Amino acid sequence: MSHIKDILMKSTQKLQKINTINMTKKLLLFTELSVFLISCSDKENNTNIDNWLLYSALGREILAKERTFYAKNIEHIFGKYSLQIGLPEISLFQGNKIVNHFHLDVDIFCKANYLPFDENSIDLIIMPHFLELHNDYIHILDEVYRILAPNGVVIISCFNSHSILKICKKSQKRLQK
């Protein structure tokens, strides 16, 4: 979680370093944040955050840092099965030793609060930007705990609820009223 906070802090610092001559760049980055926040208001659709991470400058920068984070943290994890819940268009299993990878909404189509796996069957579960888009996160985490193997690993990444993204989202709601 602190790694994501560092990424957002660095993005904020970059925004602060832009001088008044480059004001259009600053407005462009804030526009990207605003577009992302408006598009992510639909809590049922993960493709908006996928598109933002893949096709915007700020999103690609965050995605590159997250790929590095996941690669460093999952390269030494062994087991039989791994599961990615969230960001179905982006695979974050690069460098992992586990052979059998599953992606929710790509390989397996089901709701995250009813996963079709046996108890204690998955050795690695990664959840990039999934929980912040769902209201029933407690039930989802219970289901993840049910399928996680003994000594299994769960890695959850999400945006900080007190970050610049949330501040911009609150100001967007006020402006729309």
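Everything numeric here is computed off the predicted structure, so don't read it as measured data.

Asks: Sorry if this is basic, but what is going on with unusual backbone geometry here?
Replies: Only a minority of non-glycine residues have a phi that is not negative, and only a minority of peptide bonds are not trans. At Leu87, a position not held by glycine, the phi torsion is positive, near 50 degrees. Its identity is not glycine, yet Asn120 carries a phi of approximately 55 degrees, on the positive side. Structurally, Asn120 can be placed in the loop between β2 (100-103) and β3 (122-128).

Asks: Sorry, what's going on with the pattern of salt bridges here?
Replies: Pairing between side chains of opposite charge can happen when their charged atoms approach one another. Counted according to the given criterion, the structure contains 1 salt bridge. With a shortest N-O distance of 2.7 Å, Glu143 and Arg146 are connected by a salt bridge. Of this pair, Glu143 and Arg146 are both found in helix α5 (residues 137-147), 3 residues apart, which corresponds to roughly one turn of the helix. A residue is classified by how much of its surface remains accessible, and Arg146, at 25% relative accessible area, is partly exposed.

Asks: For this particular structure, what's the right way to read the pairing of strand β1 (residues 81-84)?
Replies: In summary, the side chains of a regular strand alternate between the two faces of the sheet. Strand direction decides the pairing type here: β1 and β2, joined by 4 bridges, are parallel. Among the inter-strand pairings, Ser82 is bridged to a residue of β2, identified as His101. Relative to β3, β1 runs parallel, the two being bridged by 3 bridges. For Leu83, the partnering residue across the bridge sits in β3 and is Ile125.

Asks: What is the right way to look at the sheet that holds β3 in this model?
Replies: The strands making up a sheet associate through backbone hydrogen bonding, with each pair oriented either parallel or antiparallel. The parallel open sheet is built from 4 strands, whose spatial order is β2-β1-β3-β4. Of all strands in the sheet, those bounded by a partner on one side alone are β2 and β4 (148-157). Neighbour-to-neighbour, the strand axes of this sheet turn through a mean angle of 15 degrees, independent of strand direction. With 6 bridges connecting them, β3 and β4 associate as parallel partners. Within the sheet, the bridge partner assigned to Ile122 lies in β4 and is Leu148. The sheet strands contacting helix α4 (residues 57-74) are β3 and β4, and the helix crosses β4 at an angle near 165 degrees. Contacts from α5 reach β1, β3 and β4 within the one sheet, and its direction differs from that of β4 by about 145 degrees.

Rules and cut-offs
- Residues numbered from 1 in each chain as written.
- Predicted model: local features only at pLDDT ≥ 70, side-chain atom pairs only at ≥ 80, totals over all residues.
- Heavy atoms only, no water.
- Helix = DSSP H or I, 4+ residues; strand = E, 2+ residues; numbered from the N terminus.
- Salt bridge = Lys/Arg side-chain N within 4 Å of Asp/Glu carboxyl O.
- Buried < 20%, exposed > 50% of the residue type's maximum accessible area, 1.4 Å probe, protein only.
- Pairing = 2+ DSSP bridges.
- Axes fitted to C-alpha atoms, helices over the stretch in contact; angles between N-to-C directions.
- Contact = heavy atoms within 4.5 Å.

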